[in-house]
Amino acid sequence: MRRPIAVASRHSRLLTSGVILAAQSLLLTLSAVPASASAPADDTRTPARGSAHMGTGVLAHEGVQGRPVGTRAAQTEGVDVSSHQGNVAWSTLWKSGVKWAYVKATEGTSYRNPYFAQQYGGSYDAGMIRGAYHFATPDTAGGAAQADYFVDHGGAWSKDGRTLPGVLDIEYNPYGATCYGRTHSQMVSWIRAFLDRYKQRTGRHAAVYTSTNWWTQCTGNYSGFGANNPLWIARYASTPGALPAGWDFHTMWQYTSSGPTVGDHDKFNGALDRVKALANG
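Owing to the predicted nature of the structure, the values given are computational and were not obtained by experimental measurement.

Enquirer: Would you mind going over the state of the cysteines with me for this structure?
Expert: One covalent bond between the sulfur atoms of two cysteine residues makes up a disulfide. For the coordinates displayed, the defined rule picks out one disulfide. With a sulfur-sulfur separation of 2.0 Å, cysteine 179 is cross-linked through a disulfide to cysteine 218. Between cysteine 179 and cysteine 218, the disulfide has an S-S torsion of -75° and is therefore left-handed. Taken together, the residues cysteine 179 in the loop between strand S5 (167–169) and helix H7 (184–202) and cysteine 218 in helix H8 (residues 212–219) connect sequence positions 39 residues apart. For the pair cysteine 179 and cysteine 218, a shared accessibility class is recorded, and that class is buried.

Below, the structure is given as C-alpha cells:
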C-alpha cells in the first residue's frame, strides 16, 4: 500500500509546482505592462501643457465662496477666454453688457492659443476694448524669455484706444508643484524679469493676475510691484477680499468661472471711461 501513497504524494507536489509556476508567469506578465497602460484612458490628473487658463488653479485650490454683492461703485463687465472657449459668440456677449475682454495668447515659450485670431480680433470687431494675457510657467523658461515670446505672439500693445496692456497670469501651477519649485526670492526675480522686459518691449507696464493666497504662499507676499503694475485679483466670492501686499486697490476682479455664454467673468473697478484710460496708457 505504501507505493500508491508515494505516487499520490508525487502527483500532489507536481500539481502544486504547476500552480506556483503559473502564478509567477502571471506576475511577470503584469509587471511588464507599462504603468500608463494600466491607468484609465480618461486620467486627467495632470493636464497637458498649454491647457492652463486664468483661474485654472484658483478654482481647484480655493473654490467658490459666493457671488458678488450689489454695490454703488461703478464697475464694467468683462470676460477672459482661452482655447477652452473655442470660437466665441462675441456679439452675444456685447449685447449682454460685456465691454472688455482678455484673450490668452501664449504659455511658456512654446504654446500659442490656436483660437487667438478669432477671439482677439472678434472681440475688437464686436466693439470691445481687448487685450492679451500670458500664462506663466516659471519652471520652463526665464521671465524675460517668456515676455519676449508673449510680445512676439500677440501680447504687443498699440495706442489705438482699444488695446489694453498685456497681463502676466501668475498663479497655481496646474502641472506640478504649486510654486513651480521656486523660492520666494526666485519667484519675485522671475516676475520682475518678465515685467521689466515687457515694459522695455512695449512701453507699458503689464498687469498682474493672481490670487492673494497664491501670492502670499509663493512670493512671501512681496509688495514691490503695486506702484506700477495694475492688479487683476482672482477670487470667486462676494468681494475681492484682502489684496496682496503693495496694492491698495484692484483694477480688475475675476469673480466667477461659471458666467453666461463664457464662463470666466470679470469686473473692471470703474466705469467704461476708466477702461479706455487704461487702454490709452
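Enquirer: Explain the packing of aromatic side chains to me, please; I cannot follow it from the model alone.
Expert: Two aromatic rings are characterised by how far apart their centres lie and by the angle between their planes. Evaluated as defined, the whole model comprises 14 aromatic pairs. Plain terms: the ring middles of tyrosine 102 and tryptophan 232 are 5.1 Å apart, the flat faces sit at 50° to each other, and that makes the pair tilted. Pair noted here: tyrosine 102 is in strand S2 (residues 100–107) and tryptophan 232 is in strand S7 (residues 231–234), with a separation of 130 residues, a long-range link. Look at tyrosine 102 and you get buried, because its relative accessible area is 0%. On the numbers, 6.0 Å between centres and 20° between planes, the contact of tryptophan 190 with phenylalanine 194 is stacked. Of this pair, tryptophan 190 and phenylalanine 194 both sit in helix H7, separated by four residues, roughly a single helical turn. Every member of this aromatic cluster is reached through a ring pair, and the members are Trp100, Tyr102, Tyr209, Trp232 and Phe268. Stacked on the ring of tyrosine 124, the Lys or Arg arginine 162 has its end atom at 4.0 Å from the ring centre. The ring of tryptophan 157 carries arginine 204 above its face, with NZ or CZ at 4.8 Å from the centroid.

Enquirer: Sorry, what's going on with the pairing of strand S1 (residues 76–81) here?
Expert: Successive residues of a regular strand alternate their side chains across the two faces of the sheet. The buried fraction of S1 amounts to six of the six residues, a majority that puts the element mostly inside the structure. By the alternation rule, side chains of S1 split into Thr76, Gly78 and Asp80 and Glu77, Val79 and Val81, which are all buried. Where S1 lies against strand S9 (residues 265–268), four bridges are found, and the strand directions are antiparallel. Across the sheet, glutamate 77 pairs through a bridge with lysine 267, a residue of S9. Here four bridges tie S1 to S2, and the two strands are oriented parallel to one another. Its bridge partner being in S2, valine 81 is matched across the sheet by valine 103.

Enquirer: I would appreciate a short explanation of the nonpolar core in the present structure.
Expert: General note: in soluble globular proteins, nonpolar side chains tend to be found buried as a group. Among the nonpolar cores identified, the biggest contains 63 residues, and Trp100, Ile170 and Ile191 are the most heavily contacted of them. Of all the elements, H7 adds the most residues to this core, at seven residues.

Enquirer: Got a minute to help me understand the pattern of salt bridges in this structure?
Expert: Side chains that carry opposite charge are capable of pairing whenever their charged atoms lie near each other. Under the counting rule described, the total for this entry stands at six salt bridges. Measuring nitrogen to oxygen at the nearest pair gives 2.7 Å for the salt bridge that ties glutamate 107 to lysine 104. For the residue pair glutamate 107 and lysine 104, the accessibility class agrees, reading buried in each case. We note a salt bridge from arginine 197 to aspartate 148, for which the minimum N-O separation is 2.5 Å. A residue pair is termed long-range when its members are at least 10 positions apart, and arginine 197 in helix H7 and aspartate 148 in helix H6 (residues 143–155) qualify at 49 residues. Take arginine 197: its relative accessible area is 26%, and that puts it in the partly exposed class. Judged by relative accessible area, aspartate 148 falls into the buried class, the value being 18%.

Enquirer: Which parts of the structure should I look at to understand the layout of surface pockets?
Expert: Left-over empty space is what a probe sized like a water molecule reveals as it rolls over the atoms. Considered as a void within the structure, the largest pocket measures approximately 180 Å³ in volume. Contributing to the lining of the largest pocket are Arg204, Phe249, His250, Thr251, Phe268, Asn269, Arg274, Ala277, Leu278 and Gly281. By residue number, the principal contributor to the lining of the largest pocket is helix H9 (residues 272–280), which donates three residues. Each residue belonging to the lining of the largest pocket can be placed in one class, and the counts come to four nonpolar, four polar and two charged.

What counts and what doesn't
- Residues numbered from 1 in each chain as written.
- Predicted model: local features only at pLDDT ≥ 70, side-chain atom pairs only at ≥ 80, totals over all residues.
- Heavy atoms only, no water.
- Disulfide = S-S within 2.5 Å.
- Helix = DSSP H or I, 4+ residues; strand = E, 2+ residues; numbered from the N terminus.
- Buried < 20%, exposed > 50% of the residue type's maximum accessible area, 1.4 Å probe, protein only.
- Phe/Tyr/Trp six-rings, centres within 6.5 Å; stacked < 30°, edge-to-face > 60°.
- Lys NZ or Arg CZ within 6 Å of the ring centre and 35° of its normal.
- Pairing = 2+ DSSP bridges.
- Core = buried A, V, L, I, M, F, W, Y, C linked by side-chain atoms within 4.5 Å.
- Salt bridge = Lys/Arg side-chain N within 4 Å of Asp/Glu carboxyl O.
- 1 Å grid on protein atoms, 1.4 Å probe; cavity = no way out; pocket = protein on both sides within 12 Å on 5 of 7 lines; lining within 4 Å.
- Points joined across faces, edges and corners; volume = space filled by probe spheres on them.
- Nonpolar A, V, L, I, M, F, W, Y, C, P; charged D, E, K, R; others polar.

Geometric descriptors of this kind do not, in isolation, establish any biological role.
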